[in-house]
Amino acid sequence: LILLDSLLQEMLEKCWRLSVSGLARRSLASQSASAKIDPFQESLLSEPCILVDDKDNPIGQASKRDCHEMKEGSSLLHRAFSLFIFNPAGDLLLQRRSKTKITFPDMWTNSCCSHPLATGDEEVMDGARGVKIAAQRRSNLELGIPYADIDVEKVQYLTRILYAAPSDGEWGEHELDYILMLRGDVTVTPNPEEVSEIEWVARKDLNSFVKHVESTGGQLTPWFRLISQNLLPTWWGNLDRIDDFVDHQTIHKFT
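Everything quoted here is computed from the prediction, not taken from an experiment. Numbering of residues begins from 1 in every chain and follows the order in which that chain's sequence is written. Residues qualify for local features only when their pLDDT is at least 70, as the model is predicted, and side-chain atom pairs are given and counted only at 80 or more; totals for whole chains, interfaces and linings, by contrast, use all residues. Excluded from the side-chain calculation are hydrogens and water; included are all heavy atoms of the structure.

## As for empty space enclosed by the protein
In this analysis a 1.4 Å probe is tested at points of a 1 Å grid over the protein atoms alone, and where it fits but cannot get out there is a cavity; an open set with protein on both sides within 12 Å along at least five of seven lines is a pocket; lining residues have an atom within 4 Å of a point. Grid points are joined across faces, edges and corners, and a volume is the space filled by probe spheres set on the points. A full pass over the atoms with the stated rule returns two cavities of 30 Å³ or more. Approximately 190 Å³ is the volume found for the largest cavity. Taken together, 21 residues make up the lining of the largest cavity; nearest its centre are Arg97, Lys101, Thr103, His115 and Glu173. A run of H or I in DSSP counts as a helix once it spans at least four residues, and a run of E counts as a strand once it spans at least two, with each numbered from the N terminus. Secondary structure elements with two or more residues in the lining of the largest cavity: helix H3 (64–68), strand E3 (78–86), strand E6 (112–114), helix H4 (129–143) and strand E8 (172–183). Residue type decides the class: Asp, Glu, Lys and Arg count as charged, Ala, Val, Leu, Ile, Met, Phe, Trp, Tyr, Cys and Pro as nonpolar, and the leftover types, Gly among them, as polar. When grouped by side-chain class, the residues that make up the lining of the largest cavity number seven nonpolar, six polar and eight charged. Considered as a void within the structure, the second largest cavity measures approximately 40 Å³ in volume. Taken together, Arg79, Glu122, Glu123, Val124, Met125, Ala128, Gly130, Val131 and Tyr178 form the lining of the second largest cavity. Looking at side-chain class alone, the lining of the second largest cavity contains five nonpolar, one polar and three charged residues.

In structure tokens, the structure reads:
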């Protein structure tokens, strides 16, 4: 009996050591993953995003971290926006995302891209007012554009797209994306935590700009590439009658 008790005690101690060792490894792995995230970007990962189904019906909320973590090859579908800002001459403001962004760092994209939050006015669906307010907030954060320059009443909601794109093995995008447009003079003072470069590009120069980006080792974000290839040419060629191309019924699916 004494020998049996001794063997049982030894087995329990081994199990306990293995359990503690496993927990420690998981903790270190978690700390290592977090250590790779820029502190500014880390501070934004707790923001609550709006979860939706593929028809844009709200079904809950989840943190920005949970919405962008890849699990079994996918991530949670959530509401987003892509804002296209044109100056009076018709040039489009493009930005290069900072190297510290969680998804698609250091890539060129449209003027501003982000998410409405699952809180307060940004949840308002009537006239897409919530996403317009979010676009105003994020344009200020990313590009330093004064709130007065992004008048919510002048931001136009064109249509929606649905797409999914992995960024790397850990992070990705799966968004129901509201396409917004604004035309006017804006003062731009980029926040280096979010944006490393900006460029105003004329319609006739977009193709050569993209070729230059790619020939110098740069890339476009997947959503901007999809929009610029499938929808943007028509809109850009008809800025003076853009109302004719508003489509709030269709969700263009690129999945």
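## Topic: the nonpolar core
The nonpolar side chains of soluble globular proteins are, as a tendency, buried together. Residues Leu232 and Trp235 are the most contacted members of the largest nonpolar core, which totals 29 residues. Mapped by element, the contributors of at least two residues to this core are E3, strand E4 (92–97), strand E7 (156–166), E8, helix H5 (206–215), helix H6 (222–230) and helix H7 (232–236). Pairs of residues are marked as contacts when any of their non-hydrogen atoms sit within 4.5 Å. Here Leu232 is in contact with Phe84, Phe86, Leu92, Leu206, Phe224 and Ile227, once residues within four sequence places are set aside. In terms of nonpolar packing, the next biggest core, distinct from the first, is built from 26 residues, Val52, Cys112, Leu162 and Val195 among them. Working definition of a nonpolar core: buried Ala, Val, Leu, Ile, Met, Phe, Trp, Tyr and Cys residues. They are joined through side-chain atoms within 4.5 Å. To sort residues, take the accessible area from a 1.4 Å probe on protein chains only and compare it with the maximum for the residue type: under 20% means buried, over 50% means exposed, and anything in between is partly exposed.

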